[in-house]
Amino acid sequence: NSAMTRSITAALGNTGYFEVRDVIGTYGEGERLIANGTVQFVVTIPPDFSRDVVRGLHPKLLVTADASDPAATGPALNAIGDAVNAALLEFIGSSGVL
């Protein structure tokens, strides 16, 4: 729940592809939400993500998708990448982290 994570969450909500419904902290909850059809995508941000970005380690996010509609999944995954990159650039620029 760092400032960087909140910036990424806001950027995802601003894409037009996603409605950020909740920030969950329980392991497995995202997969359950996908399995029962509540959500189409879950973006998992590792606990040390912000620290690793600051250290220049290029941490990875995990995107879990309901791929039952492949035509919608591809563009949405691209939007996730664009949103995360934009959020990181904005965060780094405004905070002077790097």
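Model, not experiment: these values are computed from the prediction.

Asks: Can you help me understand helix α1 (residues 3-13) in this one?
Replies: Residues spaced three or four apart along an α-helix face the same direction, because each turn holds 3.6 residues. Turning to α1, its buried residues number three or more, namely M4, T5, S7, I8, A11 and L12. The arc that holds every buried residue of α1, seen down its axis, measures 160°, which confines them to one face.

Asks: What am I meant to see in the environment of L61 here?
Replies: Tracing the sequence through the fold places L61 in the loop between α3 (49-54) and β2 (62-65). Note: C-alpha distance between L61 and P46 (15 residues apart in sequence) is 6.8 Å. Among all residues touching L61, those that are not within four sequence positions of it are V43, T44, I45, P46, F49 and V84.

Asks: I would appreciate a short explanation of the pattern of salt bridges in the present structure.
Replies: Side chains that differ in sign of charge can pair as their charged atoms come close. The full count for this structure, using the stated rule, is three salt bridges. R51 is the partner of D48 in a salt bridge, and the nearest nitrogen-oxygen pair spans 3.6 Å. A salt bridge links D52 to R51, with the shortest nitrogen-to-oxygen separation between them at 2.9 Å. R51 gets classed as partly exposed once you look at its relative accessible area, which sits at 38%. Overlapping salt bridges bring together D48, R51 and D52 as one network.

Rules and cut-offs
- Residues numbered from 1 in each chain as written.
- Predicted model: local features only at pLDDT ≥ 70, side-chain atom pairs only at ≥ 80, totals over all residues.
- Heavy atoms only, no water.
- Buried < 20%, exposed > 50% of the residue type's maximum accessible area, 1.4 Å probe, protein only.
- Helix = DSSP H or I, 4+ residues; strand = E, 2+ residues; numbered from the N terminus.
- Arc of directions from axis to C-beta.
- Contact = heavy atoms within 4.5 Å.
- Salt bridge = Lys/Arg side-chain N within 4 Å of Asp/Glu carboxyl O.

Limitation: the analysis is restricted to geometry and does not speak to function.
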